[in-house]
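# Coordinates in review
Residue strings, one per chain:
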Amino acid sequence: MKHQCSLSFFLFFLLLLRCTSTFAQSPAAAAPAQAPAAVVAQPPAATPTQAAQPHGITNVTKILEKAGHFTIFIRLLRSTQEDSHLFSALNDSSSGVTIFAPTDSAFSELKSGTLNTLSDGDKSELVKFHVIPTFLSTSQFQTVTNPLGTWAGTGNRSPLNVTSYPNSVNITTGLTNTSLSGTVYTDSQLAIYKIEKVLLPKDIFASKAPAPAPVAPAPEKPTKAVPASTVESPVAPVDISSALLLTQNHVVGSVGIVAAAMFAL
């Protein structure tokens, strides 16, 4: 009996130790597991192009390439470096830019070899003549003052006049008459409009117009023929010594005859 009591006490002691160990571990087991720390995605570092375009500056040549049919105008923009000028203007100016972009078919209407005869300065001026140094929507053409100022200048040297109608906008330069045939691109800063003729500035192309053909002299009136009877022949020198001698002999002879007659009487 005593042995059984000791065994029971020993089992109770083991059970008590077990319960104490369980209670000591239960707070840690009951604590909720901590969620992993959230990783905050950092924005990508700005590329050099993004840094140079804080206002979302657009690339004019890329827009024209995407639109298609502006190969020659793009080549002129790049060869004259006016594409870089446009980039700087769009980046630095708050007034924006408007571009009249001639299509390839517009350039094909020029006389063959026209662009090749232009100097680099003339090519640059030709491109500038298609750029207005301010943003113009189609509705704003109704309120502009003519002549419009372009990058090539204004006034009588390079006149550019715009007339707005309900459904069209007409452009004249004195040598070119055309209309806007569509909008290539527009936002609040840049507007590019398609035209089907190249805008020719007078100060370049008026002086290159072929000179008019010289007027042929009027034919001379034929001289009226003079009748042969009225034509005077040149007077030849006459030797009158023989005539004088003949006359003298004739007189002497006549005197002799008269004297002989009188003697006979």
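Keep in mind that what you see is a predicted model, and the values were worked out from it rather than measured. (Residues numbered from 1 in each chain as written. Predicted model: local features only at pLDDT ≥ 70, side-chain atom pairs only at ≥ 80, totals over all residues. Heavy atoms only, no water.)

### Quick notes on the overall build of the protein chain
- Assigned secondary structure in the protein chain consists of nine helices and six strands.
- Looking at the protein chain residue by residue over its 265 residues, the buried ones come to 27%.
- For the protein chain, the proportion of contacts with a sequence separation of at least 24, taken over those separated by at least 6, is 65%.
- Surface exposure of the protein chain reaches about 18,700 Å², of which carbon and sulfur atoms provide 61%. (Helix = DSSP H or I, 4+ residues; strand = E, 2+ residues; numbered from the N terminus. Buried < 20%, exposed > 50% of the residue type's maximum accessible area, 1.4 Å probe, protein only. Contact = heavy atoms within 4.5 Å. Areas by Shrake-Rupley, 256 points an atom, 1.4 Å probe, with all protein chains shown as cover.)

### Observations regarding the pairing of strand S1 (residues 97–102)
- By the criterion of burial, S1 is predominantly enclosed, with six of the six residues buried.
- Taking every second residue as pointing to the same face, both faces of S1 are buried, with Val-97, Ile-99 and Ala-101 on one and Thr-98, Phe-100 and Pro-102 on the other.
- Summarising the sheet, S1 and strand S2 (residues 131–132) pair through two bridges and their orientation is antiparallel. Bridged to Ile-99 within S2 is Val-131. (Pairing = 2+ DSSP bridges.)

### Section: the layout of surface pockets
- Computed from the structure, the second largest pocket encloses a volume of approximately 160 Å³.
- If you trace the second largest pocket, you find 13 residues lining it, with Thr-138, Tyr-165, Asn-167, Ser-168 and Val-169 closest to the centre.
- Here the lining of the second largest pocket takes three residues from strand S5 (residues 177–186), the largest share from any one element.
- When its residues are assigned to classes, the lining of the second largest pocket shows five nonpolar, eight polar and no charged. (1 Å grid on protein atoms, 1.4 Å probe; cavity = no way out; pocket = protein on both sides within 12 Å on 5 of 7 lines; lining within 4 Å. Points joined across faces, edges and corners; volume = space filled by probe spheres on them. Nonpolar A, V, L, I, M, F, W, Y, C, P; charged D, E, K, R; others polar.)

### Looking at helix H4 (residues 71–79)
- Buried within H4 we find Ile-72, Phe-73, Ile-74, Leu-76 and Leu-77.
- Buried residues along H4 sit in contact with helix H3 (60–67), helix H5 (82–92), S1, helix H6 (104–108) and helix H7 (120–128).
- Just downstream of H4, Gln-81 is the residue with a positive phi angle, here 65°.

### Here we look at unusual backbone geometry
- A cis geometry characterises the amide bond from Asn-146 onward to Pro-147, with omega recorded as -5°.
- Within the fold, Pro-147 resides in the loop between S2 and strand S3 (161–165).
- Even without glycine at this site, His-69 takes up a positive phi of about 70°.
- Within the secondary structure, His-69 is located in the loop between H3 and H4.
- Of note, the phi angle at Gln-81 is positive, near 65°, even though the residue is not glycine.

### Focus on the packing of aromatic side chains
- Applying the stated rule across the entire model yields two aromatic pairs.
- An aromatic cluster of three or more residues is present, and its members are Phe-100, Phe-141 and Tyr-193. (Phe/Tyr/Trp six-rings, centres within 6.5 Å; stacked < 30°, edge-to-face > 60°.)

### Side note on the confidence of the model for the protein chain
- Mean pLDDT for the protein chain: 74, with 55% of residues reaching 70 or above.
- Taken element by element, the protein chain is modelled with least confidence in helix H2 (residues 48–52), mean pLDDT 35, and with most confidence in S1, mean pLDDT 98.
- The low-confidence segment residues 243–247, where pLDDT is below 50, has zero contacts with residues more than four positions distant or belonging to other chains.
- Confidence drops under a pLDDT of 50 for residues 258–263, and excluding neighbours within four residues, the segment shows zero contacts in the predicted structure. (pLDDT = per-residue confidence, 0-100.)

### Some points on the nonpolar core
- With 29 residues, the main nonpolar core has Val-60, Leu-64, Leu-86, Val-97, Ile-99, Leu-190 and Ile-192 as its most contacted residues.
- Of all elements in the fold, only H3, H4, H5, S1, H6, H7, strand S6 (190–195) and helix H8 (202–205) reach the threshold of two or more residues within this core.
- Element by element, the count of residues in this core is highest for H4, at five residues.
- Not counting residues up to four positions away in its chain, the partners in contact with Ile-192 are Val-60, Ile-63, Leu-64, Ile-99, Ala-101, Thr-183, Val-184 and Tyr-185.
- The next biggest cluster of nonpolar side chains, apart from the first, holds 18 residues, and it includes Leu-136, Phe-141, Val-162 and Leu-180. (Core = buried A, V, L, I, M, F, W, Y, C linked by side-chain atoms within 4.5 Å.)

### Here's the deal with the sheet that holds S3
- In space, the six strands of this open sheet follow the order S2-S1-S6-S5-S4-S3, with mixed pairing throughout. Of all strands in the sheet, those bounded by a partner on one side alone are S2 and S3.
- Direction of pairing for S5 relative to S6: antiparallel, over a ladder of five bridges. The residue of S6 that forms the bridge with Thr-183 is Tyr-193.

### Brief notes about the packing of H3 against H4
- Interhelical geometry of H3 versus H4 gives an angle of 165° and a closest axis separation of 10 Å. Overall, the two elements H3 and H4 adopt an arrangement that is roughly antiparallel. The way H3 lies across H4 gives a crossing that is left-handed. In this structure, H3 uses Val-60, Thr-61, Leu-64 and Glu-65 to contact H4, whose residues at the interface are Phe-73, Ile-74, Leu-77 and Arg-78. (Axes fitted to C-alpha atoms, helices over the stretch in contact; angles between N-to-C directions. Parallel < 35°, antiparallel > 145°, perpendicular 65-115°, else oblique. Left-handed = near helix turned anticlockwise from the far one by under 90°.)

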